[in-house]
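What the coordinates show
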Amino acid sequence: MRIVKFSNFKKRCLQFTLIFMAVVAMLSIPPVGIAKTVFYGVGNDGYFNDVIGIETALSRSIGADDFISYAYTNLSGNNIYDTTVALRPLLTGDDTLVWYYSGHGGYISDDAAGDETRSGSTALDSYDEVIGLQGDRDWLSDDELAGALNSLANTASDVLVIADMCYAGGLVGGTGDLDTASDLTFFGSSSELESSYYFTNDSYSLFTDSLINGLSNWAADSDSDGTLLASEWFQYSYDLTVDTLGVQYPVYFGEDLMVAAQTPVPIPGTVFLLAPGLFSLWLRK
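Anyway, here's the lowdown on the structure attached to this text. (Residues numbered from 1 in each chain as written. Predicted model: local features only at pLDDT ≥ 70, side-chain atom pairs only at ≥ 80, totals over all residues. Heavy atoms only, no water.)

Time to look at the nonpolar core. As a rule of thumb, nonpolar side chains are buried together in soluble globular proteins. Grouped together as the largest cluster of nonpolar side chains are 28 residues, with contacts concentrated most on Ile80, Trp99, Leu149 and Leu178. Put simply, the parts of the chain that give this core at least two residues each are β1 (37-43), β3 (96-102), α4 (142-150), β7 (158-164) and β8 (184-188). Judged by nonpolar contacts, the second largest core, of 25 residues, contains Leu160, Phe187, Leu228 and Leu257. (Core = buried A, V, L, I, M, F, W, Y, C linked by side-chain atoms within 4.5 Å. Buried < 20%, exposed > 50% of the residue type's maximum accessible area, 1.4 Å probe, protein only. Helix = DSSP H or I, 4+ residues; strand = E, 2+ residues; numbered from the N terminus.)

Strand order in this open sheet of 6 strands is β2-β1-β3-β7-β8-β10, and the pairing throughout is mixed. Only two strands of the sheet have a single neighbouring strand rather than two, namely β2 (67-73) and β10 (251-253). With direction set aside, neighbouring strand axes in the sheet form an average angle of 10°. Bridging between β1 and β2 involves 7 bridges; their strand directions are parallel. Looking across to β2, one finds that threonine 37 is bridged to phenylalanine 67. Docked against the sheet, helix α3 (residues 77-85) engages β1, β2 and β3, running at close to 170° with respect to β1. (Pairing = 2+ DSSP bridges. Axes fitted to C-alpha atoms, helices over the stretch in contact; angles between N-to-C directions. Contact = heavy atoms within 4.5 Å.)

Before going further, it helps to examine the environment of serine 190. The residue serine 190 is located in the loop between β8 and α5 (206-215) in this model. Of the residues examined, serine 190 reaches a relative accessible area of 0% and is grouped as buried. Taking the C-alpha atoms as reference points, serine 190 and cysteine 166, separated by 24 residues in sequence, lie 6.6 Å from one another. With near-sequence residues (within four places) excluded, serine 190 lies in contact with Met165, Cys166, Tyr167, Ala168, Gly169, Ser195, Ser196, Gln248, Tyr249, Pro250 and Val251.

Attention now goes to α3. Counting along an α-helix, one turn takes 3.6 residues, and residues three or four places apart therefore face a common direction. Of the positions making up α3, those classed as buried are Gly77, Ile80, Thr83 and Thr84. One face of α3 carries all of its buried residues, which in axial projection span an arc of 135°. Its buried side turned inward, α3 meets β1, β2, β3, β5 (127-131), β6 (140-141) and α4. (Arc of directions from axis to C-beta.)

Summarising the element assignment, aspartate 164 is placed in strand β7. Here aspartate 164 occupies a buried position and makes no salt bridge, while the nearest side chain of opposite charge, arginine 60, is found at 18 Å. A polar contact is formed between the side chain of aspartate 164 and the side chain of serine 189, at a distance of 3.4 Å. Sequence-distant contacts of aspartate 164, that is, excluding residues within four places in its chain, are made with Asp50, Tyr100, Tyr101, Ser102, Gly103, Ser189, Ser196, Ser205, Phe207 and Thr208. (Lys, Arg positive; Asp, Glu negative; His and termini not counted. Salt bridge = Lys/Arg side-chain N within 4 Å of Asp/Glu carboxyl O. Polar contact = N/O pair within 3.5 Å; in protein donor to acceptor, adjacent residues only side chain to side chain.)

With that out of the way, let us pick up unusual backbone geometry. Even without glycine at this site, asparagine 74 takes up a positive phi of about 55°. Inspection of the secondary structure puts asparagine 74 in the loop between β2 and α3. Although it is not a glycine, asparagine 217 sits at a positive phi angle of roughly 55°. Along the chain, asparagine 217 falls in the loop between α5 and β9 (227-229). Look at asparagine 217 and you get exposed, because its relative accessible area is 74%.

With antiparallel pairing, the 3 strands of this open sheet are ordered in space as β4-β5-β6. Strands at the two margins of the open sheet, each flanked by one partner only, are β4 (105-109) and β6.

The next thing to look at is the pairing of β1. Among the 7 residues in β1, 7 count as buried, and that is most of the element. Going residue by residue along β1, you find Thr37, Phe39, Gly41 and Gly43 tucked away on one face and Val38, Tyr40 and Val42 tucked away on the opposite face as well. In this fold, the crossover linking β1 to β2 by way of helix α2 (residues 48-62) has right-handed handedness. Looking at chain direction, β1 and β3 are connected through 7 bridges and run parallel. (Right-handed = clockwise from strand over helix to strand, strands pointing away.)

What follows is about α2. In this model, α2 (15 residues) spans 21 Å end to end at C-alpha, consistent with the 21 Å of a helix rising 1.5 Å per residue. Looking at the residues trailing α2, positive phi occurs at glycine 63, about 110°. (Expected span 1.5 Å × (residues − 1).)

Written as structure tokens, this is what we have:
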């Protein structure tokens, strides 16, 4: 029997191959604990298509790997509260929560000991705004919604609430409203005393349509820096909404936050650029 020994060159080639394969494997493993965007959407009384439109546009802008969605249709007030609170164990401290509602908005007599008219309130009327199903008495007031969102405090780094409904601006009017929720940024489709509009020939409500347009091809990225801020997205949508109709004026509340970023993602081909360097290094040893 003849014993054949590897030459040094063959040994180097084998070592290079093993190391290169290990590098490729390590780069292929997704990092653990990367922050994600969690989308929660409710579309009531025929407005579920708005939810799908926003959900799809956000997923494309953020990237499906960093996006998780929970979408519902025709939820009562109590169900909206319960499903919102149920997000708590699903969020981590680095996540961004986008909470979205499209449907009818209403109002009821102030249910929180005068928070709409209390000193310090910026409410324009003495009513609490409510969401839920049309014709259903199970409404969720702005004060109760604030409590549900406050239950998520410290479970996400940022919370963006978007409400496409009549009287949307009133959700942040009283001293017990969404303006009391921790680290919350708010987009309302109209002011406290205004209706929000939907054109029958369009796929989406007016304000939601402007939000979707802002995400398309990063149109809302006003400084073209590859980072979309909430303030940029809102301003684009505000301008488009006002220019289209002229009687609906969206409302913004809270601090700015990052919605999405065009981060360069390494493609498989970049891994193979390591090959010449590794091969040369091992041959020289």
